[in-house]
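Residue-level structure breakdown
Here is how the chains run, residue by residue.
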Amino acid sequence: MKRLSGWDAVLLYSETPNVHMHTIKAAVIELDSDRHDFDIDAFREVIRGRLNKLEPFCYQLVEIPFKLHHPMWRENCELDLEYHIRPWRLPAPGGRRELDEAIGRIASTPLDRTHPLWEMYFIEGLANHRIAVVGKIHHALADGVASANLMARGMDLQPGPDGGPYVCDPAPTTRQLMGSAFADHLRHVGRIPATIRYTAQGLGRVRRSSRKLSPELSRPFEPPPTFMNHKITPERRFATATLALADVKETGKRLGATINDMVLAMSAGALRTLLLRYDGQAEPLLASVPMSFDFSPERISGNRFTGVLVGLPTDSDDPLERVRCSHENAIAAKESNQLMGPELVSRWAAYMPPAPTQAFFRWASGRDGHNGLLNLNISNVPGPRERGRVGGALVTEIYSVGPLTAGSGLNITVWSYVDQLNISVLSDGATLKDPHEVTEAMVADFIEIRRAAGLSEELTVVEAAMAPA
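Residues numbered from 1 in each chain as written. Predicted model: local features only at pLDDT ≥ 70, side-chain atom pairs only at ≥ 80, totals over all residues. Heavy atoms only, no water.

Per an unreviewed UniProt entry, the protein carries the name Diacylglycerol O-acyltransferase and comes from Mycobacterium nebraskense. Regarding the protein, the UniProt comment filed under Sequence similarities (unreviewed entry) reads as follows: "Belongs to the long-chain O-acyltransferase family." Recorded under Catalytic activity (unreviewed entry), the UniProt text for the protein is reproduced unchanged: "an acyl-CoA + a 1,2-diacyl-sn-glycerol = a triacyl-sn-glycerol + CoA". (UniProt positions renumbered as here; feature names shortened; annotations may be inferred.)

What follows is the structure, encoded as structure tokens:
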């Protein structure tokens, strides 16, 4: 048994009937001629043989009586792979649109907390003798870095513990849960002086900083209400696009921008297009961008990140200006995060009481209109740098997207995989009829940036199983 960290627990408490807190990971897998008979039963056996490497898949959530403390993980529980790994078949022609629609439907339902908090869908019917595996994993279980490491283990790109017989742990008794909660509360009390000291050190750095009067040390500005900011619906819609990583690196190098800057700039350009289309005006937006403070390749569970608010220059009609502003805003946000202390929020999250915290999130998710904190979430996660295999079959593409948050009906998540920069967009049922509007606008904006930078507008074609949207 082990306790959820405060930050893990908050991600659990923030889930409501219309705000689902799972992340989506989708892998497209190429079946060689000698692997065309690879079916869901064979895939279940592959996963069964790797459970010793995929420990979080065996975690069972255990609530504490009377919600006296954060829940715990029972680390080795009974696992029914018939339940967790489910079949799905796409309609013809089995291209990008059909797979994206299926992923949207998969993302539209929350995970059942009476089971370990993950599901996989073995999707057949893709064109070109390919299949897809779509994983739905609760954010309380793993953040982007941990998920990337977990996926690398699953594809045999990263070593894990040797296999052996899988042994289930006994379920804890009420007495054990209450005793552990009481003892852990005492440990938390003992950590309060260190947490206060950490906070005071951050405030001291802010006071001494030459930028201490800058509003970016708290929030860049008040985010405006937009077409994407409202009480979100339970329905989810999903879209993807693929760019060549080499093209993005070349463009960033020409403009003195990082890959993360390029993702922010492309997002800003695409959102400007949609703001003008749906709102008739384009004010600057505020995005929450997760920044990890633990990049350990051995970490395969838990959340070690903080959400940093970054201004998006959606008011600018100049693509190069959007790149420049995105670069400067990202630097300012990172500096602010370091000044305050990257672990500040996660440390104080340990002291958030379960029942009141859950009640707050239920209230927030039920409100009509804008949440007043941010417009959307944008993530950029570096994925595996070499191609992986599952059951001997080659993984050709990986897509990932995080959850929607209360009052924000859009999430843009980018994962790089080998030579690809894979864009995923998640929206609710009320924000957009077709989230491919976002992915198409991001690709169009990237071409516009390259044109303005004096680079070729012809994009490199990277291997992609799915037909163009």
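Following the structure, the description resumes.
Considering the environment of Ser 365
Counting through the fold element by element, Ser 365 comes out in helix 11 (residues 354-366). The class of Ser 365 is buried, set by a relative accessible area of 6%. Between the C-alpha atom of Ser 365 and that of Gly 392, which follows or precedes it by 27 residues, the distance is 43 Å. Beyond its immediate sequence surroundings of up to four residues, Ser 365 is in contact with Thr 16, Asn 18, Val 19, Lys 231 and Ala 406. Reaching out from Ser 365, the side chain makes a polar contact with the backbone oxygen of Arg 362 at a distance of 3.1 Å. (Helix = DSSP H or I, 4+ residues; strand = E, 2+ residues; numbered from the N terminus. Buried < 20%, exposed > 50% of the residue type's maximum accessible area, 1.4 Å probe, protein only. Contact = heavy atoms within 4.5 Å. Polar contact = N/O pair within 3.5 Å; in protein donor to acceptor, adjacent residues only side chain to side chain.)

Section: the sheet that holds strand 13 (residues 393-401)
Sheet architecture is open: six strands sit in the order 5-6-7-2-13-12, paired in mixed fashion. The open sheet has two free edges, formed respectively by strand 5 (85-89) and strand 12 (389-390), since each of these has just one partner strand. Note that strand 6 (residues 118-126) and strand 7 (residues 130-138) share seven bridges and pair antiparallel. Of the residues in strand 7, the one forming a bridge with Ile 123 is Ala 132. In the packing of helix 4 (residues 96-107) onto the sheet, contacts are made with strand 2 (22-30), strand 5, strand 6, strand 7 and strand 13, and the angle to strand 2 comes to roughly 150°. (Pairing = 2+ DSSP bridges. Axes fitted to C-alpha atoms, helices over the stretch in contact; angles between N-to-C directions.)

Topic: the domain arrangement of the protein
In terms of domains, the protein is made up of domain 1 (2-163 + 173-179) and domain 2 (219-383 + 405-453). Inter-centroid distance (C-alpha atoms) of domain 1 to domain 2 is 24 Å. Across the boundary between the two partners, domain 1 contributes 45 residues, which contact 47 residues of domain 2. Between domain 1 and domain 2, a total of about 3600 Å² is buried, with carbon and sulfur atoms accounting for 60% of that surface. Taken together, the connections running from domain 1 to domain 2 amount to three salt bridges. Note that Asp 434 and Arg 97 form a salt bridge whose closest N and O atoms lie 2.6 Å from each other. There are 22 residue pairs in polar contact (both at pLDDT 80 or more) connecting domain 1 and domain 2. (Domains from an automatic or database assignment. Buried area = accessible area lost by both parts, 1.4 Å probe. Salt bridge = Lys/Arg side-chain N within 4 Å of Asp/Glu carboxyl O.)

A few points about the pattern of salt bridges
Counting across every chain of the model gives 26 salt bridges. Here Arg 48 ties to Glu 45 by a salt bridge, and the two come within 3.2 Å at their closest N and O atoms. Of this pair, Arg 48 and Glu 45 both sit in helix 2 (residues 40-49), three residues apart, which is roughly one turn of that helix. Judged by relative accessible area, which is 42%, Arg 48 ranks as partly exposed. The partner of Glu 119 in a salt bridge is Lys 136, with the nearest N and O atoms 3.5 Å apart. With Glu 119 in strand 6 and Lys 136 in strand 7, the pair connects residues that are 17 residues apart, well separated along the chain. For Glu 119, a relative accessible area of 4% puts it in the buried group. Connected via shared salt-bridge partners are Asp 143, Asp 294, Arg 299 and Arg 304.

Considering the pairing of strand 11 (residues 376-382)
Along strand 11, five of the seven residues are buried, which leaves the element largely enclosed by surrounding structure. Relative to strand 11, strand 9 (residues 285-292) runs parallel, the two sharing two bridges. Its bridge partner lying in strand 11, Ser 288 is registered against Asn 377. In this structure, strand 11 lies alongside strand 14 (residues 410-417), joined through six bridges in parallel fashion. Note that in strand 14 the partner of Val 381 across the bridge is Trp 415.

What to know about the UniProt feature "domain: O-acyltransferase WSD1 C-terminal" (unreviewed entry) in the protein
The sites that UniProt annotates as "domain: O-acyltransferase WSD1 C-terminal" (unreviewed entry) are residues 302-449. Secondary structure content for residues 302-449 is 37% helix and 29% strand, and the end C-alpha separation is 37 Å.

Concerning the packing of aromatic side chains
For the coordinates displayed, the defined rule picks out 10 aromatic pairs. Measuring from centroid to centroid gives 5.6 Å for Trp 7 and Phe 305, while their planes differ by 55°, and the two rings are tilted. A residue pair is termed long-range when its members are at least 10 positions apart, and Trp 7 in helix 1 (residues 6-13) and Phe 305 in strand 10 (residues 305-312) qualify at 298 residues. When its relative accessible area of 14% is taken as the criterion, Trp 7 is described as buried. The class of Phe 305 is buried, set by a relative accessible area of 12%. Centroid distance Phe 360 to Trp 363: 5.8 Å. Interplanar angle 40°. Geometry classified as tilted. (Phe/Tyr/Trp six-rings, centres within 6.5 Å; stacked < 30°, edge-to-face > 60°.)

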